[in-house]
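# Per-entry structural report
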Amino acid sequence: MTTLFYRYLHTLSSSPPSKSSIITYLTQTLDFPKPRAVFFVNRFSSTQTNPQSVILFLKSHGFNLTDIHKWVTKSPQILFSDVEKTLKSRIHFFQDLGLTGPDLGKFISKNPVYLSNRFEERLKPCVDIVKRLMLDDHNNENLIRTLRRCNWVDIKQPVVRVSANVKYLEQCGIVGAQLATVITRQPRLLIMSESDLKELVSKVLDMGFSIDNRMLVHAIYTVSCLSDKTFERKLDLFRSYGFTKDEFLSMFKKAPGLLRVSEAKLKTGIDFFVNTVKFDREVLVRRPSCLMLSLEERVIPRFKVLDIMMSKKILKKMPKFLNVMWLPEDEFLEKFISKDRNHAEELLLAYRCGDLLLQRE
């Protein structure tokens, strides 16, 4: 922050600034072209507004000068807000949602226009709509997360668009907790154009999902996170291991989150299951969620334990690894690690360090 800005704040504290002093600040400190600075001053400055009261009000709520400087840089009209009629109610609105202190400062720094004249017409009605959708939202955590990740300001008629998109998703059978979850994870669904949202849903339906499929919402979320190029890359990855497109889509229908797994993890997982565990490809087609498990923390350590137990003849027969992977932690420890006290320490060590096998490979 420059010395001129501090001098400007000092001037505010002693007397209302003149238009010329505000123009000087905007041009010299914020590098605004003079015509733009003059435009803002002429448009927003009036005898009814006073930048002094704005600055003092914001400081009284704990906002530091760095925050205020950022806001004024992005949205100069804040300086000319009416504290009593507009600014106070807007700050209190966010505080009532649970945004206070540094969190509120960061939130407004990202979207300072929320304190401007677009608040009543754009943001507040959208917040009211989304808030009604959130279920069991403790301290408005999901609502705030959604607000932070969604750009409500730069779209035309956001209230109309949000309302229409919510209605369309509900028509697709995505209601209640499912709707709250998907918009929290992907707020962009709320502000996409209606045609884009319908195209997205249509794409998912073309992959074999139906409106009454409980996995539809997960598929919509996944596809909304992927570009067409990324989707095709992952299809090519599976094809390189001999999977057909139909098998790939079948796996996606059973576990839509599969395609949110990184390509590196998918490749490592397929390699391990096919080449080390010796799974037939059909096993992964039936249970694609195997590829979503943590190799380092679950799959490889458990396989290593079974491998040792077989080599030491602690086990007479190799258990079905597909079932072993899904055992709860305490059940796996009891059934295998504690099975033979003479080898328990060795098995536990192998279990805790099993992921080293992956690192060596």
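Remember, it's a predicted structure, so these values are computed and weren't measured experimentally. (Residues numbered from 1 in each chain as written. Predicted model: local features only at pLDDT ≥ 70, side-chain atom pairs only at ≥ 80, totals over all residues. Heavy atoms only, no water.)

### A few points about helix H16 (residues 245-254)
The complete set of buried residues in H16 reads Glu-247, Phe-248, Leu-249, Met-251 and Phe-252. Summarising the contacts, the buried residues of H16 are in contact with helix H14 (216-225), helix H15 (228-240) and helix H18 (281-286). (Buried < 20%, exposed > 50% of the residue type's maximum accessible area, 1.4 Å probe, protein only. Helix = DSSP H or I, 4+ residues; strand = E, 2+ residues; numbered from the N terminus. Contact = heavy atoms within 4.5 Å.)

### Things to note about the packing of aromatic side chains
Applying the stated criterion across every chain yields a total of 14 aromatic pairs. Ring geometry for Phe-272 against Phe-273: centres 6.2 Å apart, planes inclined by 70 degrees, an arrangement best described as edge-to-face. By relative accessible area, which is 3% here, Phe-272 ends up buried. Ring centres 5.4 Å apart and planes at 0 degrees place the aromatic pair Phe-273 and Phe-279 in the stacked group. (Phe/Tyr/Trp six-rings, centres within 6.5 Å; stacked < 30°, edge-to-face > 60°.)

### A closer look at the confidence of the model for the protein chain
Taken over all residues, the pLDDT of the protein chain has a mean of 86, while the share at 70 or more is 90%. Note on residues 355-361: pLDDT under 50 across the span, and 9 contacts to partners over four residues away in sequence or across chains. (pLDDT = per-residue confidence, 0-100.)

### Digging into the pattern of salt bridges
Under the defined criterion, the tally for this structure stands at 12 salt bridges. Residue Arg-281 is joined to Glu-247 by a salt bridge in which the shortest nitrogen-to-oxygen separation is 3.4 Å. Of the two residues, Arg-281 is situated in helix H18 and Glu-247 in helix H16; the sequence distance between them amounts to 34 residues. By relative accessible area, which is 28% here, Arg-281 ends up partly exposed. Across the salt bridge formed by Arg-352 and Glu-329, the nearest N and O atoms sit 3.8 Å from each other. You can see Arg-352 sitting in helix H22 (residues 344-353) and its partner Glu-329 sitting in helix H21 (residues 329-337), a full 23 residues away along the chain. Glu-329 sits in the partly exposed class, given a relative accessible area of 34%. (Salt bridge = Lys/Arg side-chain N within 4 Å of Asp/Glu carboxyl O.)

### Describing helix H2 (residues 19-28)
Of the positions making up H2, those classed as buried are Ile-22, Ile-23, Tyr-25 and Leu-26. The buried residues of H2 occupy one face: seen down the axis, they fall within an arc of 160 degrees. (Arc of directions from axis to C-beta.)

### Points about a positive patch on the surface
A cluster of basic side chains, namely Lys-106, Lys-110, Arg-145, Arg-148 and Arg-149, defines a positive patch on the protein surface. Secondary-structure elements contributing two or more residues to the positive patch are helix H7 (101-110) and helix H9 (141-148). The topology assignment puts Arg-149 in the loop between H9 and helix H10 (158-171). (Patch = residues over 30% accessible without salt bridge, like charges linked within 9 Å, V, L, I, M, F, W, Y side chains within 5 Å. Areas by Shrake-Rupley, 256 points an atom, 1.4 Å probe, with all protein chains shown as cover. Lys, Arg positive; Asp, Glu negative; His and termini not counted. Charge placed at Lys NZ, Arg CZ, Asp CG, Glu CD.)

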